[in-house]
Amino acid sequence: MSMPDELILEVKDLKMYFPITRGLLKKKVAYVKAVDGVTFKIKRGETLGLVGESGCGKTTVGRCIVRLYKPTSGQILFNGKDISSLPENKMRSYRKNFALIFQDPYSSLDPRQSAGNIVGEPLKIHNLVKSKKDYQERVEKLFQSVGLDPSLMSRYPHEFSGGQRQRMGIARALSCEPSLIICDEPVSALDVSIQAQIINLLQDLKEGSLGLSYLFISHDLSVVKHFSDRVAVMYLGRIVEITTPKKLYNNPLHPYTKALLSAIPVPDPDIEETRKRIIMKGDVPSPVNPPSGCALHTRCPIAIPECKELVPLLRDVGGGHEVACIRVK
Amino acid sequence: MVPILEVKNLRTQYKTESGLVKAVDGVSYYINEQEIVGVVGESGCGKSVTQLSVMRLINSPGEIVGGEILFEGQNLLQFKANGPEMRRIRGAKISMVFQEPMTSLNPVLTIGQQLIEILEVHLGMSRKNARQRVIEMLDLVGIPGASSRIDDYPHNFSGGMRQRVMIAMALLCNPKLIIADEPTTALDVTTQAQLFELMKSMVERFKSSLVIVTHNLGIVARYAHRIYIMYAGRIVEEGSCKEIFRNPRHPYTIGLLKSVPRLDDQEGKRLVPIEGMPPDLIQMPSTCAFLPRCSYSIEQCRVEPWPELRKVEGTKHYVRCYLKTEAWEQCRSHSATT
């Protein structure tokens, strides 16, 4: 972390609405407000964790950043340049600066390409290698960096285990030496004992590089807390709290964060006996028709009438601890 | 206390083209009355197949090739899997909550039709009474507006609500034993917490026993009284919940506990992964199946066959391992080296 305060990514009031169309003329009848005003920053060398339940928009945020979706509105500043509305032909050369690691290592690798090809293809696309020999060496090095034997380069994805496939996905993500890697649930599909291997690998890669940043998206707060420098909690398309993992665990402020924390059991019966449990009522409302004001007010244990009307904004309550709740002093 | 279910030396195998898969290879366990038991293991360890064997839901190419399943004094393996005796037990005295609430309800029948049928078949209730009872049960598991929602189809319900319907279904005939096989894997954590609290209060209310099959150590720490840890088709450790978490003994259990990130971890703590991969169930060694991944193995582990579950002296803790107490302690205190 040589330049601690240099921003690599700044997302400002990002909105992504997906239209629901009906009929032959594809008339837009409603919108799914998947992301509804999200603002955050990632410094160079920092890991920001993005946690939330399914349908809260965390994956959509990740996909907007790499412009797999064109955002409805808002800014995405990458190294200070707004890429939210760059045309596709200019965007393509930008993409080598970021990489995605996907959840499912089974469906995210082309079954008809060899492992070496899967890992090395981005090098060819972005013209990052000079010769065949150079290419071969780079791919071998990538294999080694993720703990795969380079002799497996000519094998095909089905010959690998889930953990090995995820390593291939990581090697591919590293191939263009990106400055930001977006990890979308990278360990959720893996077995418990394999998860730790991948988490440690991702951590080593970051420590061994100069200024690599991660946006780590997951529904599993334990994993996010373990891995991140700061954690953002999302609920129904908005960020409700951002802080350090330590503060998040010791002093959560938003009622949703509190409920989320208490819902996750700690593998220790002695601690479990003394933990308070806040059980949220009901289900997450539909993002097609989210509740007015604070989206949590339908389930919130401390909601007051004003919560129905005011959309709470993220504000700093001290030491970079940001929370979006009018009940928090 | 007399256990309500006792499984002795159960063996279930699958004949596949690449060879014989010994999915469950000599598993013995028991469930006491009103007890919540956790069965923990990774995918492919045989935890689900064990439970499906108890329900006699193993289909070809799978086959139960040995053992006893004693329930209410009868060996369930003496009955035909689809015979009248098993049908009287399945869904009435032992019921199951499956992993996927999306696929385990029939999409073309209303919730009511599916639940009322159970009461008609098992308890011979009239349709009118059954309907009333189903509405009460749906209400009890927290489905708002149960009297109108009973006529909805499964697709009208969210994942969490469908799993509530499944729980209502499992409870309808007041079973002695409920088996919940990864009941919340596909669901969100806040929904997971709701459902487990519900299941716990329901089994207490109906005085049933509950088996929770899961890979999540946190869930068993929160809810189970007693725990079985499975690896490669066998039970490797058994003990009370507190004992297992305070003094884990099998290197696999210790490894599992160290490899999961915890909410209360100190900052900067490094996980200790279990290196290597689970064994191939087709080519199982006669020695301990965890041996290739175990960093504490001794000469005995390499030469002698995998030991049986043995009682640790002075405890109610059973473990399938040759190591001595000192080695276990060393194993527990070992932290990340790299």
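Above this note sits the structure.
Residues numbered from 1 in each chain as written. Chains lettered and ligands numbered in written order. Predicted model: local features only at pLDDT ≥ 70, side-chain atom pairs only at ≥ 80, totals over all residues.

Asks: So what exactly am I meant to see when it comes to the overall build of chain B here?
Replies: When helices and strands are counted, chain B shows 12 helices and 12 strands. Its C-alpha atoms give chain B a radius of gyration of 21 Å, near enough to 20 Å, the size a compact globule of 338 residues would have. The dimensions of chain B, computed from C-alpha atoms along their principal axes, are 70 × 50 × 45 Å. Expressed as a percentage of its 338 residues, the buried residues of chain B come to 46%. (Helix = DSSP H or I, 4+ residues; strand = E, 2+ residues; numbered from the N terminus. Rg over C-alpha atoms; globule rule 2.2 N^0.38 Å. Buried ≥ 20, exposed ≤ 12 C-beta atoms within 10 Å, placed from the backbone.)

Asks: Please clarify how the packing of helix α6 (residues 159-171) of chain B against helix α7 (residues 189-206) of chain B should be interpreted in this entry.
Replies: Think of two packed helices as two axes; the pair is described by the angle between the axes and how far apart they sit. Residues and elements named next belong to chain B. In contact at an axis separation of 11 Å, α6 and α7 are set at 15° when each is read in the N-to-C sense. In terms of their interaxial angle, α6 and α7 are classed as roughly parallel. The two elements α6 and α7 cross, and the hand of that crossing is right-handed. Contacts between α6 and α7 involve Gly160, Gln163, Ile167 and Leu171 from the first element and Thr191, Gln194, Leu195, Leu198, Met199, Met202 and Phe206 from the second. The class makeup of the residues in the contact of α6 with α7 is seven nonpolar, four polar and no charged. (Axes fitted to C-alpha atoms, helices over the stretch in contact; angles between N-to-C directions. Parallel < 35°, antiparallel > 145°, perpendicular 65-115°, else oblique. Left-handed = near helix turned anticlockwise from the far one by under 90°. Contact = placed C-beta atoms within 7 Å. Nonpolar A, V, L, I, M, F, W, Y, C, P; charged D, E, K, R; others polar.)

Asks: Explain helix α4 (residues 132-145) of chain A here, please?
Replies: All names here are of chain A. Its 14 residues place the ends of α4 20 Å apart at the C-alpha level, agreeing with the 20 Å of an ideal helix rising 1.5 Å per residue. Listed as buried for α4 are Val139, Leu142 and Phe143. For α4, the arc enclosing every buried residue in end-on projection is 100°, short of the 170-degree limit, so these residues lie on one face. Exposed side of α4, more than 90 degrees from the buried face: Lys133, Asp134 and Gln144 are the residues found there. Residues of α4 that are buried in the fold lie against α3 (115-125) and α5 (162-174). Positive phi shows up at Gly147, right after α4, with a value of about 80°. (Expected span 1.5 Å × (residues − 1). Arc of directions from axis to C-beta.)

Asks: What is the right way to read the sheet that holds strand β5 (residues 81-82) of chain A from this model?
Replies: Each strand in a sheet pairs with another by means of backbone hydrogen bonds, the pair being arranged parallel or else antiparallel. All names here are of chain A. Taken together, the four strands give an open sheet; going across it, the order is β2-β1-β4-β5, and neighbouring strands pair in antiparallel fashion. Each of the sheet's edge strands pairs with one partner strand only, and the pair in question is β2 (27-43) and β5. Of the strand pairs in this sheet, strand β1 (residues 7-22) and strand β4 (residues 73-78) are connected by five bridges, and their pairing is antiparallel. Of the residues in β4, the one forming a bridge with Glu10 is Leu77. (Pairing = 2+ DSSP bridges.)

Asks: Sorry if this is basic, but what is going on with the interface of chain B and chain A here?
Replies: Size of an interface, as often reported, equals the accessible area lost when the parts are brought together. Contacts between the two partners involve 37 residues from chain B and, on the opposite side, 35 residues from chain A. Contributing elements (two or more residues each) for the side of chain B that touches chain A: α7, α8 (217-223), α9 (241-246) and α10 (251-259) of chain B. Along the lines of polarity and charge, the residues of the side of chain B that touches chain A split into 17 nonpolar, 10 polar and 10 charged.

As far as function goes, none of this settles anything; it's purely spatial.
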